[in-house]
Amino acid sequence: LKHAANFLCLGRPAGMYTSLAIRPTVPGSNFCWQPVATREFPRREARPGDACAAGTAAAGLAALRARAALRAGAARAARRSGASNTPRAGRQQVAVRAEAEKSAPAASRRSVAAACACVAAAVSGKVAAADDEASYNYPNWFALPLAPYARRRTLLTEIVPGQVWTLDQIFGTFNVHVPIRATVLAVEGGLLVYAPVAATPECLRLVRELEAKHGPVRWILLPSKAVEHKVLAGPFARDFPRAKLFVIPGQFSVPVDLPLELLGFPSYEVLDMSRPDELPWAADCDTAAIDISTFGEVALCHRRSRTLVLLDTVLSIPEDPPALLLDSKYSKALRYHAWDDEGELPDTPEVRRKGWARISLFANFFNPGALATGDVAVPETGETRPWRWQPGWEASFTRLRNGGRPLVAPIIRELILGQQPDTTRAYVDRIASWNFDRVVSGHFDTPIALSPREFRDVFAFVDGSPPPEYCAEDLAFLGDLQRSAIPNGIAVRDTPRCGYAAR
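What you see is a predicted model; the values in this text were computed from it and never measured. (Residues numbered from 1 in each chain as written. Predicted model: local features only at pLDDT ≥ 70, side-chain atom pairs only at ≥ 80, totals over all residues. Heavy atoms only, no water.)

## Digging into the overall build of the chain
For step 1, the next point in the chain: The number of helices and strands found in the chain is 15 helices and 18 strands.
For step 2, the next point in the chain: Residues classed as buried in the chain amount to 48% of the 503 residues present.
For step 3, the next point in the chain: Counting contacts in the chain only where the partners sit at least 6 residues apart, residues at least 24 apart contribute 65% of the total.
For step 4, the next point in the chain: Here the chain has roughly 23,600 Å² of accessible surface; of this, 55% comes from carbon and sulfur atoms. (Helix = DSSP H or I, 4+ residues; strand = E, 2+ residues; numbered from the N terminus. Buried < 20%, exposed > 50% of the residue type's maximum accessible area, 1.4 Å probe, protein only. Contact = heavy atoms within 4.5 Å. Areas by Shrake-Rupley, 256 points an atom, 1.4 Å probe, with all protein chains shown as cover.)

In structure tokens form, the structure reads like this:
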């Protein structure tokens, strides 16, 4: 309000400004300020006689109300006070305007009051929006320049009241944007943060609010070797200096393998899984870990809430895109993938689902089998997409999603866990011995309703059970990767074709 008052009543620099007008939002309704146009305004010097020379919001609103809708009443009041022909500054005195307002019809006063309330809300909304945008900023984004780069919104969700929460953000590349998720658990004396996300002002505010209710962050756990998780853990931990940071063994960096201290990590401790019952959160959570080459994961079972917390091994793919992808700055990714040269592309739930389905195929297969060569101009983003989708591509998503049932991401199943069945089986057996009703995963949908027996069934492939019947064309690229990277490994199993043309 102060800025609005200063612009109208005090001096302003030359520059581009958006002008407003009083217009009815709906015929017959109250009037509201609405943007009209952006144009250049000249410099204006402050005048000592202006009503809001002090720059206060109250005086500014008084001048707004008088100037916008009560000119006739103001003139009559000015004439009565002998000021009708006095200089302009004298006609703008607040006392004169107040007298004019008294003489105005009640309906006019209500309309003006409504208009003032609307402009106040509009100005406050713009300021709040600007504050919100600033709270999304992540200054360390350049450490791993993946989308959405510096602008990272955070969505807090309470999974189990007073016990389990998630902090969702978005990450990806080439418009393949999926959720990345931290899980916060209530533990004895405070909180445990599993797989922290980008420490934006918004994210930190949400965690501080949890701290105010449930105690301080005591432990922070980096349960992965993957760079997209590792690059976020150090900056997050620095904002909670009293919390102890634990990392999974086997951390590495490329192209030069540097110690974590040189990657921005504060003091930390490497997780010792030889004594899981002696870990500091053992009173609240069971712990298991798997370590296969460059892949690693720590699983926690939060006993009070009967919640299993995982990062990458179990997913559930929703039919609808995640809530964060509906943000106006993020939703372009949905339209980028949904576009098929069909003319105008409306922003409908069906279009969003189409874009999300294709994003899910890229995220899980890297090179889906239904792609065809050919460029597609995407006016939404001003980019040219270097592929097209073949007719019938929906069959790939239907088989992948499988009605939302839990799954192991194909690339992790075929190139990592499936290559080490004994190690995977030991990890699964330990987790299946715990008591849980749900899984919170680090990506895609969550929570996933899942019992220990159902969890074991998800990993039946390690015992030779047939894998899900994904389209053979979708698995072809993973087969090529297996033959080149693990030539002596276990081959990707054959599945039925979906009939896509060869590229």
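## Some remarks on the nonpolar core
Proteins that are soluble and globular tend to have nonpolar side chains buried together.
For step 1, the next point in the chain: Within the largest apolar cluster, 97 residues are counted, with the highest numbers of intra-cluster contacts made by Ile220, Leu308, Leu310, Leu417, Ile431, Phe455 and Phe459.
For step 2, the next point in the chain: For this core, the leading source of residues is helix 10 (residues 349-365), giving seven residues.
For step 3, the next point in the chain: Aside from chain neighbours lying at most four places away, what touches Leu310 is Tyr194, Glu297, Ala299, Tyr427, Ile431, Val439, Val440, Ser441, Gly442 and Phe455.
For step 4, the next point in the chain: If you look at the next biggest cluster of nonpolar residues, it comprises 21 residues, including Ile159, Leu221, Ile248 and Val309. (Core = buried A, V, L, I, M, F, W, Y, C linked by side-chain atoms within 4.5 Å.)

## Some words on a nonpolar patch on the surface
For step 1, the next point in the chain: Residues Val256, Leu258, Leu262 and Leu263 make up a contiguous nonpolar surface patch of about 350 Å² in total accessible area.
For step 2, the next point in the chain: Positionally, Leu263 belongs in the loop between strand 8 (244-247) and strand 9 (268-270).
For step 3, the next point in the chain: Take Leu263: its relative accessible area is 36%, and that puts it in the partly exposed class. (Patch = residues over 30% accessible without salt bridge, like charges linked within 9 Å, V, L, I, M, F, W, Y side chains within 5 Å. Salt bridge = Lys/Arg side-chain N within 4 Å of Asp/Glu carboxyl O.)

## Structural notes on the state of the cysteines
For step 1, the next point in the chain: Under the criterion given, the structure shown has one disulfide.
For step 2, the next point in the chain: Paired by a disulfide, Cys471 and Cys498 hold their sulfur atoms 1.9 Å apart. On the S-S bond that ties Cys471 to Cys498, the torsion sits near -70 degrees, and the link is left-handed. In this pair, Cys471 is assigned in the loop between helix 14 (452-458) and helix 15 (472-485) and Cys498 in the segment after helix 15, connecting sequence segments 27 residues apart.
For step 3, the next point in the chain: The class of Cys471 is buried, set by a relative accessible area of 1%.
For step 4, the next point in the chain: Unpaired in terms of disulfides, Cys285 finds its nearest cysteine sulfur in Cys301, a separation of 7.7 Å.
For step 5, the next point in the chain: In this structure Cys285 comes out as buried when scored by relative accessible area, which is 3%. (Disulfide = S-S within 2.5 Å.)

Purely spatial values, then, with no claim about function.
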